[in-house]
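One-letter residues, chain by chain:
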Amino acid sequence: MIKRIIELISSNYYSFSQLLYELKKYNIKRNDLINYLIKIEKICKIKGWKLTYTPSVCKNCGFKVNEIKPISKCPKCKSEKIEEPKYFIEINYGNKKD
Ligand SMILES: [Zn+2]
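Below you will find a few notes about this structure. Quick caveat: nothing in here was measured; it's all calculated off a predicted structure.

## What to know about the overall build of the protein
Part 1 of the reasoning: What the protein contains, in helices and strands, is three helices and six strands.
Part 2 of the reasoning: Along the protein, from the amino end to the carboxyl end, the secondary structure elements read α-β-α-α-β-β-β-β-β.
Part 3 of the reasoning: Principal-axis analysis of the C-alpha atoms gives the protein an extent of 45 × 30 × 20 Å.
Part 4 of the reasoning: Relative to its 98 residues, the protein shows a buried fraction of 16%.
Part 5 of the reasoning: Of all intrachain contacts in the protein linking residues separated by at least 6 positions in sequence, the fraction that spans at least 24 positions is 54%.

## A closer look at the sheet that holds strand β2 (residues 50–53)
Part 1 of the reasoning: The strand order across the open sheet built from three strands is β1-β6-β2, with neighbouring strands paired in antiparallel fashion. Two strands lie at the open edges of the sheet, namely β1 (14–15) and β2, each paired on one side alone.
Part 2 of the reasoning: Pairing geometry for β1 and strand β6 (residues 86–90), over two bridges, is antiparallel. Opposite Y14, over in β6, you have Y87 as the bridge partner.

## Brief notes about the environment of I9
Part 1 of the reasoning: Tracing the chain through its elements places I9 in helix α1 (residues 2–11).
Part 2 of the reasoning: For the pair formed by I9 and K86, sequence separation is 77 residues and the distance between their alpha carbons is 9.0 Å.
Part 3 of the reasoning: In contact with I9, other than residues within four places in its own chain, are Y14, Y87, F88 and I89.

## Section: helix α3 (residues 30–47)
Part 1 of the reasoning: Here α3 is 18 residues long and its end C-alpha atoms lie 26 Å apart, about the 26 Å a rise of 1.5 Å per residue gives.
Part 2 of the reasoning: G48 sits one or two positions beyond α3 and adopts a positive phi of about 80 degrees.

Each value, and the rule that gives it
Residues numbered from 1 in each chain as written. Predicted model: local features only at pLDDT ≥ 70, side-chain atom pairs only at ≥ 80, totals over all residues. Helix = DSSP H or I, 4+ residues; strand = E, 2+ residues; numbered from the N terminus. Buried ≥ 20, exposed ≤ 12 C-beta atoms within 10 Å, placed from the backbone. Contact = placed C-beta atoms within 7 Å. Pairing = 2+ DSSP bridges. Expected span 1.5 Å × (residues − 1).

This is how it looks when you write it as structure tokens:
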């Protein structure tokens, strides 16, 4: 599963729900995906890949939470209108010889 997620987010930016949608046939739940993303972050550190993710942004007050896991509620204004993170992996980061 981790390999599939890495394939997806190294080819294009995927938001959290886009990933959930792509992985729907594997019956992946929200929390499973969060755990996979945390594992992928560790793998990227070991392999020297650059994992980029955008912060969760509150659409109501603009508060940002820069974490790999999406937030469901704004910690500041309690709004549930949250723009979720998007993920991308640059596999050849630091190894751009060709
Ligand atoms: Zn807010």
